[in-house]
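Structural characterization, general
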Amino acid sequence: MTTCRPSPSFHFAYVTNYNDNTVSVIDTRTRKVKATIKTGSGPFEIAVTPDGKYAYVVNKRDNTAQVIKRKTNTIIRTIQVGKSPSDVGTSRKFVYVTNSADHTVSVICIKKQKVVETIMVGKRPVGVTITPKKMGKKTLGFVSNNDSNTISIFDVKHNKVIDTIKAGVGPDQIAFTTNRKLAYVTTDDNVLVIGIHSRRILKKIKVGVKPIGVAITPNNKFAYVGNEGDNTVSVIKLFNNKVIATIPVGIKPGIVAITQNSKYAYVANFGENTVSVIRIRDNKVIDTITVGNAASGLAIIPL
């Protein structure tokens, strides 16, 4: 975690528009679309590297990952990955792409901008998230295997699976608390709280219908869950793991991302061409931003 003041380039959200093959770039200060980037076919998810220099977008229909140089918002590299890539996560040195149709994760070296390894995981991997870096702690990757009802855990240093744990029915997206103690995982029915050290399910939290995305505020106080089945976002207070608010948003909300200052949650509405902006202090939707067709993935530069 840097103690330097963020540069203006930190204030951007990236939204993948699945049906029109673009990424919308939103300035989170003005909540206006500042740029539109043409991508490959079916851009589905996106992630920003920890140093903030690049965004990686995965294109589900043409089996590629593309590298966006954030300084210019231009694509500088197209990389072939596995079949039907679904999600992308980043560590300091690598980018990880889940390939849902061939049960693998492609490991891309950020420096070389090419696939250097392929990790075998469970059936239909859909989500991948890397634990926050902490001095003296091993960095881990969690992969949700939607059809196996499991999570594959791999060691980022060696890119090897070290454990596989049960994770309810249809695990999807994963978010970690900043202290690296807990993982929050959406499933078909609820949100699971999993101990990172114990690798056990500690709690099941009932949220809305068909939860998909989950994001935790940088101040470690709340989790925001996009419920695709009832067009809402559930707000979980992490202190007691209770739902404290249910917020109506757009159609088929999925992926959620939080601004660095913990003031706003952005929600991609896959069933329409919008992103809902939630003000965290009172859990009110304060803006709806029009983006491209079928807003699927969403990323804000991480801490």
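Residues numbered from 1 in each chain as written. Predicted model: local features only at pLDDT ≥ 70, side-chain atom pairs only at ≥ 80, totals over all residues. Heavy atoms only, no water.

1. Focus: the overall build of the protein
Within the protein one finds zero helices and 28 strands. In terms of C-alpha radius of gyration, the protein reaches 17 Å, essentially the compact-globule figure of 19 Å for 303 residues. When its C-alpha atoms are laid out on the principal axes, the protein stretches across 45 × 45 × 40 Å. Looking at the protein as a whole, 57% of its 303 residues qualify as buried. (Helix = DSSP H or I, 4+ residues; strand = E, 2+ residues; numbered from the N terminus. Rg over C-alpha atoms; globule rule 2.2 N^0.38 Å. Buried < 20%, exposed > 50% of the residue type's maximum accessible area, 1.4 Å probe, protein only.)

2. Some details on the side chain of Thr39
Topologically, Thr39 is positioned in the loop between strand S3 (32-38) and strand S4 (43-48). Excluding residues within four positions of it along the chain, Thr39 makes contact with Asn21, Thr22, Val23, Val57, Asn59, Gln66 and Ile75. (Contact = heavy atoms within 4.5 Å.)

3. Focus: the sheet that holds strand S13 (residues 140-145)
In space, the four strands of this open sheet follow the order S12-S13-S14-S15, with antiparallel pairing throughout. Edge positions in the sheet fall to strand S12 (125-130) and strand S15 (160-166), since each of these pairs with one other strand and no more. Pairwise comparison of adjacent strand axes, ignoring direction, gives a mean angle of 20° for this sheet. By the bridge criterion, six bridges tie S13 to strand S14 (residues 150-155) in an arrangement that is antiparallel. Counterpart to Val143 in the pairing with S14 is Ser152. (Pairing = 2+ DSSP bridges. Axes fitted to C-alpha atoms, helices over the stretch in contact; angles between N-to-C directions.)

4. Digging into the environment of Thr74
Of note, Thr74 is situated in strand S7 (residues 74-80). Using a relative accessible area of 35% as the deciding quantity, one classes Thr74 as partly exposed. Spatially, the C-alpha atoms of Thr74 and Thr36 are 9.6 Å apart, while their sequence positions differ by 38 residues. Here Thr72 takes part through its side chain, which lies 2.6 Å from a polar atom of the side chain of Thr74. (Polar contact = N/O pair within 3.5 Å; in protein donor to acceptor, adjacent residues only side chain to side chain.)

5. A look at the confidence of the model for the protein
Interpreting fine coordinate detail is not advised for predicted regions of low pLDDT. When pLDDT is averaged along the protein, the result is 94; 96% of the residues meet or exceed 70. The low-confidence segment residues 1-8 (pLDDT under 50) makes three contacts with residues lying over four places distant or belonging to another chain. (pLDDT = per-residue confidence, 0-100.)

6. Side note on the sheet that holds strand S20 (residues 211-216)
The antiparallel open sheet is built from four strands, whose spatial order is S20-S21-S22-S23. Unpaired on one side and paired on the other, S20 and strand S23 (242-248) mark the two borders of the sheet. Along the sheet, successive strands turn relative to each other by an average axial angle of 20°, direction set aside. When S20 meets strand S21 (residues 222-227), the two strands line up antiparallel, connected through four bridges.

7. Some thoughts on a positive patch on the surface
On the surface, Arg92, Lys93, Lys133 and Lys157 cluster together to form a positively charged patch. Secondary-structure assignment places Lys93 in the loop between strand S8 (85-90) and strand S9 (94-99). (Patch = residues over 30% accessible without salt bridge, like charges linked within 9 Å, V, L, I, M, F, W, Y side chains within 5 Å. Areas by Shrake-Rupley, 256 points an atom, 1.4 Å probe, with all protein chains shown as cover. Salt bridge = Lys/Arg side-chain N within 4 Å of Asp/Glu carboxyl O. Lys, Arg positive; Asp, Glu negative; His and termini not counted. Charge placed at Lys NZ, Arg CZ, Asp CG, Glu CD.)

8. With respect to the pairing of strand S26 (residues 274-279)
Where burial is concerned, most of S26 is hidden: five out of the six residues are buried. Here strand S25 (residues 264-269) runs beside S26; their pairing, made up of six bridges, is antiparallel. Counted as the bridge partner of Asn269 is Thr274 from S26. In sequence, S25 turns back onto S26 through a hairpin of four residues. Where S26 and strand S27 (residues 284-290) come together, six bridges link them in antiparallel fashion.

9. Structural notes on the pattern of salt bridges
Side chains bearing opposite charge may pair, as long as their charged atoms lie close to each other. Summed over the entire model, instances satisfying the criterion amount to eight salt bridges. Salt-bridge contacts for Arg29 lead to Asp27; the nearest nitrogen and oxygen are separated by 3.0 Å. Taking the relative accessible area as the measure of exposure, Arg29 reaches 46% and is therefore partly exposed. According to the relative accessible area criterion, Asp27 is buried, its value standing at 5%. Asp287 is the salt-bridge partner of Arg31, the closest N and O atoms lying 3.1 Å from each other. A residue pair is termed long-range when its members are at least 10 positions apart, and Arg31 in the loop between strand S2 (22-27) and S3 and Asp287 in strand S27 qualify at 256 residues. The exposure class assigned to Asp287 is partly exposed, which follows from its relative accessible area of 25%. Each of Arg279, Arg281 and Asp282 takes part in one network of salt bridges that share partners.

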